[in-house]
Amino acid sequence: MPLVSATELAVAYGVDEVFAGVNLEISERAHIGIVGPNGSGKTSLLKLLVEELEPSAGTVHWTRGVQVGYVPQIPRSMTNGSLNDEVMTAFDRLHTLEKEIEAGALELQRADAGARHEAEARYAAVVEEYELLGGYSYESSMERMVAGLGLSKETLGARSSRVSGGERTRAALARALLANPDLLVLDEPTNHLDLKGLTWLENYLTHFAGAFVVVSHDRYFLDRTVTQVWDMDHGELQT
């Protein structure tokens with residue numbers, strides 16, 4: 001079953017048509033690279049897939065409940081805090097569950113015999129979700145992720161509004177990957193990576209269990225990571 005499908009998509013800015021008649025499908029484990037000249041509509045297509053842009057024509061259908069992680073070419077600051085705070089937003093659900101576990105434990109302490117069974121069931125459900133989402137290992141996962149992408153502790157501690165575009169891109173990559181989405185959408189993710197970071201990302205994407213769509217001009221990177229290529233050119237999409 002496809003995660004995302006689209007029929008007869010078109011994007012136009014005023015009288016300038018970028019592309020039209022595009023049909024596509026992204027399956028659960030698809031590893032897709034998008035290539036094409038500058039201005040051919042690659043970024044516009046990605047924005048349609050993540051609902052940051054409305055099509056001029058056509059429709060996009062997402063499978064119910066699909067989780068999408070998106071890293072644009074120039075990521076925006078997500079918080080007013082440090083770069084570390086931005087990366088940690090990947091674990092917002094886990095942080096909510098931690099509070100619920102704490103509240104549930106307190107509820108169990110205070111519950112009388114009649115209410116204890118229901119309190120235990122609620123507490124167990126929260127703990128189970130926490131475990132399934134990697135709640136007991138997410139901090140070590142983050143440490144490995146940021147190290148692989150070349151983000152030092154000093155950089156992570158800096159205010160996000162003051163770091164370089166490359167550092168913000170690497171943090172956005174870490175945040176998207178740590179959220180473990182069903183579909184990753186990446187726009188030129190290798191632009192700000194050194195050789196070590198590039199090698200790490202190649203290995204990660206090669207073994208990624210979900211689906212991803214990546215725009216890149218780096219043909220060697222695509223050769224190592226994708227199994228299907230979409231070519232955007234002259235207003236059309238060729239597979």
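The notes below deal with the structure included here. (Residues numbered from 1 in each chain as written. Predicted model: local features only at pLDDT ≥ 70, side-chain atom pairs only at ≥ 80, totals over all residues. Heavy atoms only, no water.)

Here the structure, examined in full by the defined rule, presents four aromatic pairs. Taken together, a centroid distance of 5.4 Å and an interplanar angle of 20° make the contact between Trp200 and Tyr204 stacked. Taken as a pair, Trp200 and Tyr204 lie in helix 8 (residues 195–206) at a separation of four residues, close to a single helical turn. Connected via pairs of aromatic rings, a cluster forms that spans Trp200, Tyr204 and Phe208. (Phe/Tyr/Trp six-rings, centres within 6.5 Å; stacked < 30°, edge-to-face > 60°. Helix = DSSP H or I, 4+ residues; strand = E, 2+ residues; numbered from the N terminus.)

With mixed pairing, six strands are arranged side by side in an open sheet as 5-6-7-3-8-9. Among the strands making up the open sheet, the edge pair consists of strand 5 (68–71) and strand 9 (236–238). The mean inter-strand angle of the sheet, taken between neighbouring strand axes irrespective of direction, is 15°. Pairing geometry for strand 3 (residues 31–35) and strand 8 (residues 228–233), over four bridges, is parallel. Pairing of Gly33 across the sheet is with Val229, part of strand 8. Along the sheet face, helix 7 (residues 165–178) touches strand 5 and strand 6 (183–187) and points at about 175° away from the line of strand 5. (Pairing = 2+ DSSP bridges. Axes fitted to C-alpha atoms, helices over the stretch in contact; angles between N-to-C directions. Contact = heavy atoms within 4.5 Å.)

The calculated volume of the largest pocket comes to roughly 1,000 Å³. If you trace the largest pocket, you find 37 residues lining it, with Arg175, Ala176, Leu178, Ala179 and Asn180 closest to the centre. The greatest single-element share of the lining of the largest pocket, amounting to five residues, is contributed by helix 7. Of the residues assigned to the lining of the largest pocket, the class counts are 23 nonpolar, seven polar and seven charged. Looking at the second largest pocket, its volume works out to about 170 Å³. Along the walls of the second largest pocket sit Leu3, Glu28, Arg29, Asn180, Pro181, Asp182, Tyr204, Phe208, Ala209 and Gly210, which together make up its complete lining. Each residue belonging to the lining of the second largest pocket can be placed in one class, and the counts come to five nonpolar, two polar and three charged. (1 Å grid on protein atoms, 1.4 Å probe; cavity = no way out; pocket = protein on both sides within 12 Å on 5 of 7 lines; lining within 4 Å. Points joined across faces, edges and corners; volume = space filled by probe spheres on them. Nonpolar A, V, L, I, M, F, W, Y, C, P; charged D, E, K, R; others polar.)

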